[in-house]
Number of protein chains: 2
Amino acid sequence: MPLLKTSKEEILDMALSVFRKNGYHHTSMSMLAKSCGLQKGSFYHYFSSKEEIMVAVLKNVHDFLKTNVFSIANESNLEPRERLEKMLLKLGTALLSHEGGCIVGNTTLEVAGQNVVFKGILKDIFEDWRLAMKSILKEEFSEGTAGRMAEQSVMEFEGAVMLGQIYETDQYIKDVFVRTLTKMR
Amino acid sequence: MPLLKTSKEEILDMALSVFRKNGYHHTSMSMLAKSCGLQKGSFYHYFSSKEEIMVAVLKNVHDFLKTNVFSIANESNLEPRERLEKMLLKLGTALLSHEGGCIVGNTTLEVAGQNVVFKGILKDIFEDWRLAMKSILKEEFSEGTAGRMAEQSVMEFEGAVMLGQIYETDQYIKDVFVRTLTKMR
DNA sequence: GTCTATATCAAGATAGAC
DNA sequence: GTCTATCTTGATATAGAC
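Residues numbered from 1 in each chain as written. Chains lettered and ligands numbered in written order. Predicted model: local features only at pLDDT ≥ 70, side-chain atom pairs only at ≥ 80, totals over all residues. Heavy atoms only, no water.

Enquirer: Looking at this structure, I do not really get the environment of B:Asp170. What am I missing?
Expert: When you line up the elements, B:Asp170 lands in the loop between α8 (143–167) and α9 (171–184). Each C-alpha atom, one on B:Asp170 and one on B:Leu96, is 7.4 Å from the other, the two residues being 74 residues apart in sequence. (Helix = DSSP H or I, 4+ residues; strand = E, 2+ residues; numbered from the N terminus.)

Listed below in structure tokens is the structure:
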């Protein structure tokens, strides 16, 4: 039984925190290594470049959201409004109460214009987010209206995370949830 | 008469482009120098650090917005709705059709959590933006409603810039303008 | 005011011992 | 799997000639 100081899963969890707080370019390999108790050199045993680990982090986030958040749109045992509420709540707890805001939004504005691989994953995340919202809203609104409302909710959410960073409050995000939910009934 | 290759004003203009496209940490002093035809060493004649020039760029943006955009809120010769339309239009042309989106939003998400000076200027910009919007909307809506609508417009706008980056379209921003304007009449 | 040259440092990444 | 040592590069910043 070998002595493991960490694992690929733990690294991805810690790396998410470090990237979210410091951004991509301002995060160094030694910061990532230190965050899970490794020396810089040891870190390369798990990931062979900074780009590689960022890709893994973003894919991990996407998987988490698909499995635990966006999937709520398909829970047919719940009423549409209950699904919407549950999904927004999950989205909130998944992205709130973390230092550094939202890794998806942060990475989009910092590096999506520089790296097509990052951009592709981020686009997939936004697309799934939009579609999950739309699929719920479609049960109460027309196709077009539901689509526009879904987009608007995503936009407002990311805008709220941004203002929340500046004014150091979660109130904007909570307000977006309430506003989105209110439109449903 | 000395031979000047550039000026502080030109540097600020070019630096804005470079920072907006590449972000703060991914922009190097030699990139900034090159953008206005200088050697890296010569650049330090004008600005003695990267932080200093970023501060100057952000203050420049703030001044521009105050003078040319937010001031429209006080043009008492125009009807409220005309002022709103004019301001949104100016905001659009000021921030659209540039590669890299919005320097305010980009810088907020990339470095506001790391640098209190940047964060202070960005906060002032958002505050003036919010107040300008609110001051117009207050003429048609209650204090509280106008405040909330103003915040929502700012959030949606920044969210639209983000989605616009991903999907490579200006349509989201245009939609936000229309949506904000529609509420006014 | 602009240039070249250079000092200094930190980052990404690799090599090889244990 | 983890470590230390090291290579290489590119960054910020300075010095001094023109």
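Next comes the rest of the write-up.
Enquirer: Sorry, what's going on with the pattern of salt bridges here?
Expert: Oppositely charged side chains can pair when the atoms bearing their charge come close. The full count for this structure, using the stated rule, is 14 salt bridges over all chains. Across the salt bridge formed by A:Arg81 and A:Glu85, the nearest N and O atoms sit 3.3 Å from each other. Here A:Arg81 pairs with A:Glu85, and both are found in helix α5 (residues 80–95), just four residues apart, close to one helical turn. For A:Glu85, a relative accessible area of 38% gives the class partly exposed. A:Lys119 is the partner of B:Glu168 in a salt bridge, and the nearest nitrogen-oxygen pair spans 2.9 Å. Of this pair, B:Glu168 sits in the loop between α8 and α9 while A:Lys119 sits in helix α7 (residues 116–137), on two different chains. Residue classification places B:Glu168 among the exposed positions, given a relative accessible area of 63%. (Salt bridge = Lys/Arg side-chain N within 4 Å of Asp/Glu carboxyl O. Buried < 20%, exposed > 50% of the residue type's maximum accessible area, 1.4 Å probe, protein only.)

Enquirer: It is not clear to me how the protein's contact with DNA strand D should be interpreted in this structure. Could you clarify?
Expert: Contacts to DNA strand D come from 18 residues, most closely from A:Lys5, A:His45, A:Tyr46, B:Met29 and B:Lys40. In DNA strand D, the atoms that sit within 4 Å of the protein are 66% sugar and phosphate, with bases accounting for the remainder. One of the backbone N or O atoms of B:Lys50 is found 3.3 Å from a phosphate oxygen in DNA strand D. Along the lines of polarity and charge, the residues of the surface near DNA strand D split into six nonpolar, nine polar and three charged. (Near = heavy atom within 4 Å. Polar contact = N/O pair within 3.5 Å; in protein donor to acceptor, adjacent residues only side chain to side chain. Nonpolar A, V, L, I, M, F, W, Y, C, P; charged D, E, K, R; others polar.)

Enquirer: How should I be thinking about the interface of chain A and chain B in this particular structure?
Expert: With 34 residues of chain A at the interface, the matching set in chain B holds 34 residues. Buried area between chain A and chain B, both sides added, is near 3,300 Å², and the carbon and sulfur share of it is 68%. Linking chain A with chain B are two salt bridges, by the criterion used here. For the interface between chain A and chain B, the tally reads 12 residue pairs in polar contact (both at pLDDT 80 or more). Looking at the side of chain A that touches chain B, the elements with two or more residues in it are α1 (8–22), α6 (103–111), α7, α8 (143–167) and α9 (171–184) of chain A. Of all the elements, α8(A) adds the most residues to the side of chain A that touches chain B, at 13 residues. Looking at the side of chain A that touches chain B, its residues break down into 12 nonpolar, 11 polar and 11 charged. (Contact = heavy atoms within 4.5 Å. Buried area = accessible area lost by both parts, 1.4 Å probe.)

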